[in-house]
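The residues making up each chain are set out below.
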Amino acid sequence: MDIVDLIEKYVKKEIEIYKQNSEDNYDFWNEHIKYVYLESQKLACQYGADLEIVKLGALLHDIALIRKVGDKKDHHINGEMLAREILKSYNYPEEKTNRVLSCVHNHRSGKNAANLEDLCVADADIIAHFDSIPMLFNLAYNRFHIGLNEVRDWMKKCFEDDYEDLSDRTKESFKEKYRVICDIVLGE
Ligand SMILES: [Fe+2]
Ligand SMILES: [Fe+2]
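Since this is a predicted model, take the numbers as computed values, not measurements.

Caption draft 1: View of the coordination of the iron ion (ligand 2). Within the protein, the iron ion (ligand 2) binds to H32 (NE2), H61 (NE2), D62 (OD) and D125 (OD); these donor distances fall in the range 2.1 to 2.2 Å. Coordination at the iron ion (ligand 2) is irregular, judged from the 4 donor atoms that bind it and the angles of 84 to 177° they form at the metal. On the primary sequence, the residues serving as donors to the iron ion (ligand 2) are separated as H-x28-H-D-x62-D. Here the iron ion (ligand 1) and the iron ion (ligand 2) are spaced 3.6 Å from one another, each receiving a donor from D62. Comparing H61 with D62, the two get one shared label, buried.

Below, the structure written as structure tokens:
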């Protein structure tokens, strides 16, 4: 098994534990990580980024949320620490590890990207929200208890904030799909 398969297996195992302990049976893989993983690879091919670094960054970017380590607001920092330990346990080379850690640390906005690989993971993290709109409804209704009359405004703000956080180049290529999604989901 190569390192990407090993990390995928590790992350899925942790996700199963998260799922069993969550009230809404939240499946982090099928609702989010899977989409970040796929979208980041598309962007990596489009932008010529290192595929292995991007794949590992995508798989590990929310590991602190999955393992419930620290506050959500610091999950990029705690995630970096956890990802270092995990990759070390698989004897992954130091130089490549640092590049994966950069993806984890900078994943919270396409505008924080320090390099192409960071950018692919950060932008994919945002696009993944648009791939998994039922997950957003679950958040709104089951976790935040937002009422039906407020959910449209809440989602509109999520969409706008997300779109704003994309890097300029991905914003441009995602523009048309974004418009169609807003049109259908928000009725605009
Ligand atoms: Fe995150
Ligand atoms: Fe994420």
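Caption draft 2: Structural context of the coordination of the iron ion (ligand 1). Protein-derived coordination of the iron ion (ligand 1) comes from D62 (OD), H75 (NE2) and H107 (NE2), at a distance range of 2.1 to 2.2 Å. Each donor residue of the iron ion (ligand 1) belongs to the same chain, with the gaps between them written as D-x12-H-x31-H.

Caption draft 3: Representation of helix α8 (residues 133–143) in the model. Those residues of α8 that fall on the buried side of the exposure criterion are I133, M135, L136, N138, L139 and A140. Residues of α8 that are buried make contact with α2 (28–47), α7 (116–131), α9 (148–165) and α10 (168–186). H145 sits one or two residues past α8 and shows a positive phi near 50°.

Caption draft 4: Fine view of the packing of aromatic side chains. On inspection of all chains with the given rule, the structure shows 10 aromatic pairs. Ring centres of F144 and W154 lie 6.0 Å apart, and the angle between their planes is 70°; on these two criteria the pair is classed as edge-to-face. Of this pair, F144 sits in the loop between α8 and α9 while W154 sits in helix α9, and the two are 10 residues apart along the sequence. Cluster of aromatic residues (ring-pair linked, three or more members): F130, F159, Y163, F174 and Y178. Lying across the ring of Y163, K171 places its NZ or CZ 5.8 Å from the centre.

Caption draft 5: Spatial organisation of the pattern of salt bridges. Applying the stated criterion across every chain yields a total of 16 salt bridges. Of the charged contacts in the structure, one is a salt bridge between D71 and K73, with a shortest N-O distance of 3.8 Å. On the basis of relative accessible area, K73 is assigned to the exposed category, the value being 55%. One network of salt bridges, in which partners are shared, links D50, R99 and E117.

Caption draft 6: Expanded view of the nonpolar core. Among the nonpolar cores identified, the biggest contains 56 residues, and I7, V11, L60, I63, I66, F159 and F174 are the most heavily contacted of them. The contact partners of I66, leaving out residues within four places of it in the chain, are V11, E14, I15, Y18, F28 and I33.

Caption draft 7: Broad picture of the environment of G57. Along the chain, G57 turns up in helix α3 (residues 51–60). In this structure, the C-alpha to C-alpha distance between G57 and I86, residues 29 residues apart in sequence, is 12 Å. With residues near it in sequence (within four places) discarded, G57 still touches V100, C103, V104 and V121.

Caption draft 8: Up close: the side chain of S109. Inspection of the secondary structure assignment puts S109 in the loop between α6 (94–105) and α7. Looking at S109, its side chain comes within polar contact range of the main-chain nitrogen of K111, at 3.0 Å. A polar contact of 3.3 Å, which involves the side chain of S109, links it to the side chain of D165. When near neighbours in sequence (up to four residues on either side) are disregarded, S109 contacts A122 and D165.

Conventions we followed
Residues numbered from 1 in each chain as written. Chains lettered and ligands numbered in written order. Predicted model: local features only at pLDDT ≥ 70, side-chain atom pairs only at ≥ 80, totals over all residues. Heavy atoms only, no water. Donors = N, O, S within 2.8 Å, 3.2 Å for Na, K, Ca; no water. Tetrahedral: all angles 85-135°; square planar, octahedral: opposite > 155°, others 65-115°. Buried < 20%, exposed > 50% of the residue type's maximum accessible area, 1.4 Å probe, protein only. Helix = DSSP H or I, 4+ residues; strand = E, 2+ residues; numbered from the N terminus. Contact = heavy atoms within 4.5 Å. Phe/Tyr/Trp six-rings, centres within 6.5 Å; stacked < 30°, edge-to-face > 60°. Lys NZ or Arg CZ within 6 Å of the ring centre and 35° of its normal. Salt bridge = Lys/Arg side-chain N within 4 Å of Asp/Glu carboxyl O. Core = buried A, V, L, I, M, F, W, Y, C linked by side-chain atoms within 4.5 Å. Polar contact = N/O pair within 3.5 Å; in protein donor to acceptor, adjacent residues only side chain to side chain.

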